[in-house]
Amino acid sequence: MTGCTTTKNYQAENLPAHLQAPRNENAQTLDLTKLATATTTQDLIGGGDVIEISISAGLSSTDTATFPVRVSDNGTAILPLVGAVSLKEMDLEEAEAVISGACIEKGLYTAPHVTVTMKRPKVHKITVLGAVEEPATYELRAGQSDVLQAIVAAGGLSDDAGVFVQVRHPGYRNQTAEPQELIASLDSGSDIRQVGEETIVQPIGHQTVRIDLASAATQKPESLRLPDGGIVMVERRDPKPIHVLGLVKKPDRYEFPVAEDLRLLDAIALASGTDNPLADKVYIIRNTPDSEEPTLIQASIKKAKRNGRADLRLAPGDIVSVEQTPTTSIYEAVRLIGFGVSGRAF
């Protein structure tokens, strides 16, 4: 450790905020209802739907006119002889009343009987990939096509799911080599908005966004909607293992848990505890993306047992070294002498 002259040294209980390990969020416990947007219910008419309209003026089948109509994006339906009728977000019964009134107003019928059925609702084909139970391409009702419905359609998040979701829109490529860890916005020209110290909206490339599931409640609702051909990628969490070295019973490399925090005492427990009862001094060596040199954090096992701040939260890739000290060296010397030649303690 003495050779690392450029390594920054900190105390665990006074570690600056920017060097602290982030909380290891469990995607399985997140409230995904935060991703819900204002959607069109299944029986409401929306743009792109194909409906079938039957208008009857009498009891005979020859007096009934039946025809399909595609609703425009603004919710208008063009009916033969009747003309344009706005049916946006009406249920079928409401649409029947509106069309009946339009027929009477045009003087086409005196008391028409109108029936409206949903022939073919407009759907968006959405591909869901990554850490979901059933990755595939799904058809979602256009008025219900959002990130939440896409994840639900794919069977929900898998056990190794992270808290970030990338959404790519059709016909565009991400112009950034690596998406930044920012909360999403679909508007390529959007400004950064701040709530306190949290960045809640910032564009990435033209039409690729990254959504933080843990803070999706702060999203603008439109940033969660999915157009036809959209791709949803739920990132898998594959954290780097930690290494536990020094005065422990089982020094080794240990897998970092996917969905829970790992602290200093947890790491020592993974290594079956210390092999010297007087061991106390610990170094945590942490590499940070914004520095070429590792950060050296000094911790104390005794302090960690008494103070939660001293029981440092570890980051993936950390090296935990339980150090030799004069006290532990004396204990080991006494132990070796005591169990030396005679094989018994004095």
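Structural notes, computed from the coordinates.

Reading the values: the criteria
Residue positions within a chain follow its written sequence, with the count starting from 1. Only residues with pLDDT of at least 70 get local features here, since the model is predicted, and only at 80 or more are side-chain atom pairs given and counted; chain-wide, interface and lining totals rely on the full set of residues. Each side-chain value is derived from all of the structure's non-hydrogen atoms; neither hydrogens nor water enter the calculation. Think of it this way: any DSSP run of H or I at least four residues long counts as a helix, any run of E at least two long counts as a strand, and we number them from the N terminus. Here the term buried applies to any residue with accessible area under 20% of the maximum for its type, exposed to any over 50%, and partly exposed to those in between, with areas from a 1.4 Å probe on protein chains only. Whether two residues touch is decided by their heavy atoms; if any such pair falls within 4.5 Å, the residues are in contact. Take the buried Ala, Val, Leu, Ile, Met, Phe, Trp, Tyr and Cys residues and link them wherever side-chain atoms come within 4.5 Å; each set so joined is a nonpolar core. When a carboxyl oxygen of Asp or Glu is within 4 Å of a side-chain nitrogen of Lys or Arg, the pair counts as a salt bridge. Strands qualify as paired when DSSP identifies two bridges or more between them. Axes here mean lines fitted to C-alpha atoms, for a helix over just the part in contact, with angles spanning 0 to 180 degrees between N-to-C directions. Patch rule: a residue counts if its relative accessible area is over 30% and it has no salt bridge; like charges are joined within 9 Å, and nonpolar side chains (Val, Leu, Ile, Met, Phe, Trp, Tyr) within 5 Å. Using a 1.4 Å probe, the Shrake-Rupley method yields the accessible areas, and only the shown protein chains count as cover for residues. Polar contact is defined as a pair of N or O atoms within 3.5 Å, subject to the rule that within protein one atom must be able to donate a hydrogen and the other to accept it, and that residues adjacent in sequence are counted only when both atoms are side-chain atoms. Between the first and last residue of a helix there are one fewer steps than residues, each counted as 1.5 Å, and that sum is the expected span. The directions from the helix axis to the C-beta atoms form the arc being described.

### Thoughts on the overall build of the chain
So, step 1. Scanning the chain from N- to C-terminus turns up five helices and 18 strands.
So, step 2. Counting across all 346 residues of the chain, residues that qualify as buried make up 42%.
So, step 3. Taking the intrachain contacts of the chain between residues at least 6 apart in sequence as the baseline, contacts between residues at least 24 apart amount to 64%.

### A short note on the environment of phenylalanine 256
So, step 1. Within the secondary structure, phenylalanine 256 is located in the loop between β15 (252-254) and α3 (264-270).
So, step 2. In the structure, phenylalanine 256 is positioned 58 residues away from leucine 314 in sequence and 9.3 Å away in space, judged by C-alpha atoms.
So, step 3. Excluding residues within four positions of it along the chain, phenylalanine 256 makes contact with Asn24, Pro239, Lys240, Pro241, Ile242, Leu262, Leu314, Ala315 and Pro316.

### A word on the nonpolar core
So, step 1. Counting 28 residues, the largest nonpolar core has Leu32, Leu35, Val128, Leu157, Val232 and Val234 as its most contacted members.
So, step 2. Those elements giving two or more residues to this core turn out to be β7 (123-130), β8 (136-141), α2 (147-153), β9 (161-168), β12 (208-212) and β13 (231-236).
So, step 3. Of the residues forming this core, the biggest block, five residues, is contributed by β9.
So, step 4. Beyond its immediate stretch of four places on either side in the chain, valine 234 contacts Leu129, Gly130, Ala131, Val132, Leu157, Ala161, Phe164 and Val165.

### Examining the pattern of salt bridges
So, step 1. Tallied over the entire structure, the rule returns six salt bridges.
So, step 2. The salt bridge partner of arginine 141 is aspartate 49, with a shortest N-O separation of 2.6 Å. Separated by 92 residues along the polypeptide, arginine 141 in strand β8 and aspartate 49 in the loop between β1 (8-11) and β2 (50-56) bring together distant segments of the chain. This pair shows no difference in class: arginine 141 is buried, exactly as aspartate 49 is.
So, step 3. The salt bridge involving arginine 210 is made with glutamate 235; its shortest N-O contact spans 2.6 Å. Here arginine 210 is found in strand β12, whereas its partner glutamate 235 is found in strand β13, with 25 residues between them in sequence. The pair formed by arginine 210 and glutamate 235 is uniform in burial state, with each residue classed as buried.

### Here's the deal with unusual backbone geometry
So, step 1. Backbone geometry at glutamate 89 places phi at a positive 55°, although glycine is not the residue there.
So, step 2. Within the secondary structure, glutamate 89 sits in the loop between β5 (83-86) and α1 (92-105).
So, step 3. Taking relative accessible area as the criterion, glutamate 89 reaches 48% and is therefore assigned partly exposed.
So, step 4. Its identity as a non-glycine residue notwithstanding, serine 272 has a phi of 65°, on the positive side.
So, step 5. Along the chain, serine 272 falls in the loop between α3 and β16 (281-286).

### So, the sheet that holds β2
So, step 1. Taken together, the three strands give an open sheet; going across it, the order is β3-β2-β6, and neighbouring strands pair in antiparallel fashion. Looking at which strands have only one partner, the edges of the open sheet turn out to be β3 (64-70) and β6 (113-120). When strand polarity is set aside, the average angle formed by the axes of neighbouring strands in this sheet is 20°.
So, step 2. Bridge count for β2 against β6 is seven bridges, and the pairing is antiparallel. In the strand pairing of β6, isoleucine 51 is matched with methionine 118.

### Section: the sheet that holds β8
So, step 1. Here we have five strands laid out as an open sheet, ordered β8-β7-β13-β9-β12, and mixed in their pairing. Of all the strands in the sheet, just β8 and β12 have a single pairing partner and so form its edges. When strand polarity is set aside, the average angle formed by the axes of neighbouring strands in this sheet is 25°.

### Some thoughts on a nonpolar patch on the surface
So, step 1. A grouping of Leu129, Ile231 and Met233 is seen on the molecular surface, where their side chains present a nonpolar patch of about 200 Å² in accessible area.
So, step 2. Take isoleucine 231: it is sitting in strand β13.
So, step 3. Residue isoleucine 231 is classed as partly exposed on the basis of its relative accessible area, which comes to 32%.

### A closer look at the side chain of serine 54
So, step 1. With respect to the helices and strands, serine 54 occurs in strand β2.
So, step 2. At 3.0 Å, the side chain of serine 54 forms a polar contact with the side chain of threonine 66.
So, step 3. Here serine 54 is in contact with Thr64, Ala65, Thr66, His113, Val114 and Thr115, once residues within four sequence places are set aside.

### Quick word on the environment of proline 241
So, step 1. Position of proline 241 relative to the elements: it lies in the loop between β13 and β14 (242-246).
So, step 2. C-alpha separation for the pair proline 241 and glutamate 255, spaced 14 residues apart in sequence, amounts to 4.5 Å.
So, step 3. Those residues in contact with proline 241, other than ones at most four positions away along the chain, are Arg253, Tyr254, Glu255, Phe256 and Gly317.

### Focus: α1
So, step 1. Taking 1.5 Å of rise per residue, 14 residues should cover 20 Å, and α1 covers 20 Å from first to last C-alpha, within 8% of that figure.
So, step 2. Three or more residues of α1 are buried, namely Ala95, Ile99, Ser100, Ala102 and Cys103. Buried residues in α1, looked at end-on, bunch into an arc of 160°, giving them a common side. Looking at α1, the residues exposed on the side facing more than 90 degrees away from the buried face are Glu93, Ala97 and Glu105.

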